[in-house]
Amino acid sequence: MGANGVANMLDLSTSHMPASSPDWGDLRVVEHEHGWVVFVPGREFCESIPAWAKEVVARALDFDCILINFDQDSEVVEGLP
């Protein structure tokens, strides 16, 4: 948890996900009206992450994020698949 109880979240467009139903592997995921929220695992669990999500999870970990929000209305982030 960040300072003052504020947690970091990586906010991404659903364009960063596979076009068909994504394989979430062992990731904990909650679907919402416009996408999905993913709970970022610790680095020790990164081997079990589906290939399509590895770079996104690595970016989230680099910024100490605890959540990734894939939302159809969010921005596409350059440099991520």
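> Any chance you could explain the overall build of the chain here in plain terms?
Per the secondary structure count, the chain includes 1 helix and 4 strands. Taken along its principal axes, the extent of the C-alpha atoms in the chain is 35 × 30 × 25 Å. For the chain, buried positions account for 35% of its 81 residues. Carbon and sulfur atoms provide 51% of the accessible area of the chain, an area that totals close to 5200 Å².

> In this structure, what is going on with the confidence of the model for the chain? I would like to understand it.
Segments scoring low in pLDDT should not have their predicted coordinates read at a detailed level. Averaged over the chain, the pLDDT score is 88; the fraction of residues at 70 or greater is 93%. Averaged over each element, pLDDT in the chain is lowest for helix α1 (residues 54–62) (93) and highest for strand β3 (residues 35–39) (96).

> Got a minute to help me understand the sheet that holds β3 in this structure?
In sheet architecture, strand pairing relies on hydrogen bonds along the backbone and comes in two forms, parallel and antiparallel. Read across the open sheet, the 4 strands follow the order β1-β4-β3-β2; overall the sheet is mixed. Looking at strand neighbours, the two that pair on one side only are β1 (9–13) and β2 (28–32), the edges of this open sheet. Across the sheet, the axes of successive neighbouring strands diverge by a mean angle of 20 degrees, strand direction being ignored. Relative to β3, β2 is paired through 5 bridges, and the arrangement is antiparallel. Counterpart to Val29 in the pairing with β3 is Val38.

So, how was this worked out
- Residues numbered from 1 in each chain as written.
- Predicted model: local features only at pLDDT ≥ 70, side-chain atom pairs only at ≥ 80, totals over all residues.
- Heavy atoms only, no water.
- Helix = DSSP H or I, 4+ residues; strand = E, 2+ residues; numbered from the N terminus.
- Buried < 20%, exposed > 50% of the residue type's maximum accessible area, 1.4 Å probe, protein only.
- Areas by Shrake-Rupley, 256 points an atom, 1.4 Å probe, with all protein chains shown as cover.
- pLDDT = per-residue confidence, 0-100.
- Pairing = 2+ DSSP bridges.
- Axes fitted to C-alpha atoms, helices over the stretch in contact; angles between N-to-C directions.

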